[in-house]
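Close look at the chain arrangement
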Amino acid sequence: MSAALPWYAVENIDEVPSPSLLVYPDRIEENLRRMIAMVGDVQRLRPHMKTHKMPEVIKLHLVLGISKFKCATIAEAEMTAEAGAKDILLAYPLVGPNIARFLKLKQQYPQTRFCAVADDPDAARALSAAAGKEGVTVEVMLEVNCGMARTGIEPGDGAIQLYQLLATLPNVQVAGIHAYDGHIHDHDLAARTAAVEAAYQPVEALRDRLLALGLIVPHYVVSGTPTFGIHARRGTYECSPGTCVLWDWGYGTKHPDLDFLHAALVVTRVISKPAPERLTLDLGHKAIAAENPHPRVYLLNLPDAKAVMHSEEHLAVETPQAGEFPVGSVVYGVPWHICPTVALHSHAFVVRDGRADGTWKVAGRERVITV
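First, a word on what this report is: a plain description of the structure on this page. Just so it is clear, the model here is predicted, and its values are computed rather than measured.

Moving on, we come to the pattern of salt bridges. This structure, assessed with the given rule, holds 19 salt bridges. The partner of D257 in a salt bridge is R192, with the nearest N and O atoms 2.7 Å apart. With D257 in the loop between α9 (249-254) and β9 (264-275) and R192 in helix α7 (residues 189-212), this pair connects stretches of sequence that are 65 residues apart. D257 sits in the partly exposed class, given a relative accessible area of 34%. The partner of R234 in a salt bridge is E197, and the shortest N-O contact between them spans 3.1 Å. Here the residue R234 occupies a position in helix α8 (residues 228-234), and E197 occupies one in helix α7, the gap between them amounting to 37 residues. The structure contains a network of salt bridges with shared partners spanning R46, K68, D87, R113, E139 and E238.

Moving on: the environment of A290. Mapped onto the elements, A290 comes out in the loop between β10 (278-281) and β11 (297-299). Judged by relative accessible area, which is 29%, A290 ranks as partly exposed. The spatial distance from the C-alpha of A290 to the C-alpha of E312 is 9.7 Å, given a sequence separation of 22 residues.

Another aspect to go through is unusual backbone geometry. With an omega of 0°, the peptide bond between S18 and P19 qualifies as cis. Looking along the chain, the bond that leaves H294 and enters P295 is cis, with omega of 5°. Turning to its location among the elements, P295 is positioned in the loop between β10 and β11. You will see that A149, though not glycine, has its phi angle at about 60°, which is positive. Mapping A149 onto the fold places it in the loop between β5 (138-143) and α6 (157-168). Despite not being glycine, N171 has its phi angle at roughly 65°, a positive value. Relative to the assigned elements, N171 resides in the loop between α6 and β6 (172-179).

Turning our eyes to something else, we now look at the pairing of strand β3 (residues 87-90). Two faces, one strand: in a regular strand the side chains alternate between the faces of the sheet. Of the two faces of β3, both are covered, the one formed by D87 and L89 as well as the one formed by I88 and L90. Strand direction decides the pairing type here: strand β2 (residues 68-71) and β3, joined by four bridges, are parallel. Bridging across to β3, K68 finds its partner in D87. Once the chain exits β2 it traverses helix α3 (residues 74-82) before rejoining the sheet at β3, and the crossover so formed is right-handed. Handedness of the crossover is the feature at issue here: the chain leaves β3, passes through helix α4 (residues 97-108), returns alongside strand β4 (residues 113-118), and the resulting connection is right-handed.

Quick look at the nonpolar core now. Membership of the largest hydrophobic core comes to 104 residues, with the highest contact counts inside it found for I28, M54, V138, L142, L166, I177 and Y200. When near neighbours in sequence (up to four residues on either side) are disregarded, L166 contacts A118, A124, V140, L142, V172 and V174. Counting 16 residues, the second largest nonpolar core, distinct from the first, contains L22, L265, V334 and A356.

Moving on: the packing of aromatic side chains. Scanning the entire structure with this criterion turns up eight aromatic pairs. With a centroid separation of 6.1 Å and 50° between ring planes, the pair formed by W247 and Y251 is classed as tilted. Summarising the burial analysis for this pair, W247 and Y251 share the class buried. Within the aromatic cluster, the residues linked to one another by ring pairs are W7, Y8, Y24 and Y332. Taking NZ or CZ as reference, R27 lies 3.6 Å from the ring centre of W7, over its face.

Most of α3 is tucked away, with eight of its nine residues classed as buried. Within the span of α3, buried status applies to I74, A75, E76, A77, E78, M79, T80 and A81. Residues of α3 that are buried sit in contact with α2 (55-63), β2, β3, α4 and β4. Phi turns positive, to about 115°, at G84, one or two residues after α3.

Conventions used here
- Residues numbered from 1 in each chain as written.
- Predicted model: local features only at pLDDT ≥ 70, side-chain atom pairs only at ≥ 80, totals over all residues.
- Heavy atoms only, no water.
- Salt bridge = Lys/Arg side-chain N within 4 Å of Asp/Glu carboxyl O.
- Helix = DSSP H or I, 4+ residues; strand = E, 2+ residues; numbered from the N terminus.
- Buried < 20%, exposed > 50% of the residue type's maximum accessible area, 1.4 Å probe, protein only.
- Pairing = 2+ DSSP bridges.
- Right-handed = clockwise from strand over helix to strand, strands pointing away.
- Core = buried A, V, L, I, M, F, W, Y, C linked by side-chain atoms within 4.5 Å.
- Contact = heavy atoms within 4.5 Å.
- Phe/Tyr/Trp six-rings, centres within 6.5 Å; stacked < 30°, edge-to-face > 60°.
- Lys NZ or Arg CZ within 6 Å of the ring centre and 35° of its normal.

What follows is the structure, encoded as structure tokens:
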């Protein structure tokens, strides 16, 4: 690749249709190495698969000694087991038919340790009853609300009672505590650190109470990406960052203390020039996550562009550089939010040594793979 080209440029981009997702394995591997260096002990890492959803990325984890994983869906868990993972936490409460699906997943991959979470007594009893009918034992972590209030039980007396229930239910093996802090994303590192301390003091008091009662707490799993560096320094428990594997413009902008590389981009092309200083790109809602306000993408080779219209298949931007970009011009973008952007694409083009070299299937975007 020519030294004059920027790192993201693809020499054979004429072979890549747009809009498409690009992944850069060398940069993914570097991000994984930085994660390991931050946490010190690779056994403390339990990265989340929701960001990339690709078996090949899981295999890059395994090569570097990362053996524990976290998932949000049964399909992600199946993909992760199929890729060779031996320890998977499904950090999403199981209800309805998903209980039977989870048990089937355990049976389909007997070489893999699967763990579920619970934050409700009736749901825990339903999981216990279903496991009993199948003659299997299910490991279950207590899902604790550390402030996000999306899932989890507050770390008080009710949490103690639920943990005691998990420890006594037939066909259930209590496996510890899971507490996700996705509500903590202060730009200022000191403020973020203070928020982590405040959020986890009650959780750790809960853990101490459980131990004092003679209950086992084998695992303690915490953190998202914004708090990963803080947790890496403050304890010896498991950390489960996700976004930093690929990194995005949102976290890169909000959290400059986290030193990761952009390892996944979208490629788009100019499809129309409907007005002076306006370019229309083929990067609609179906190709870039649109749940956040603009900017939803940072255009690396068109950094001053401002979004003025966004629809299913189109992104119109205004820029004084419009005259330099004829119809058909290629533009590379870093998504503001990479996780849902990846889920919009069935596959990613793999860029090695400056060339697109094959594709990786985004297998985990499916709601159902086989189970």
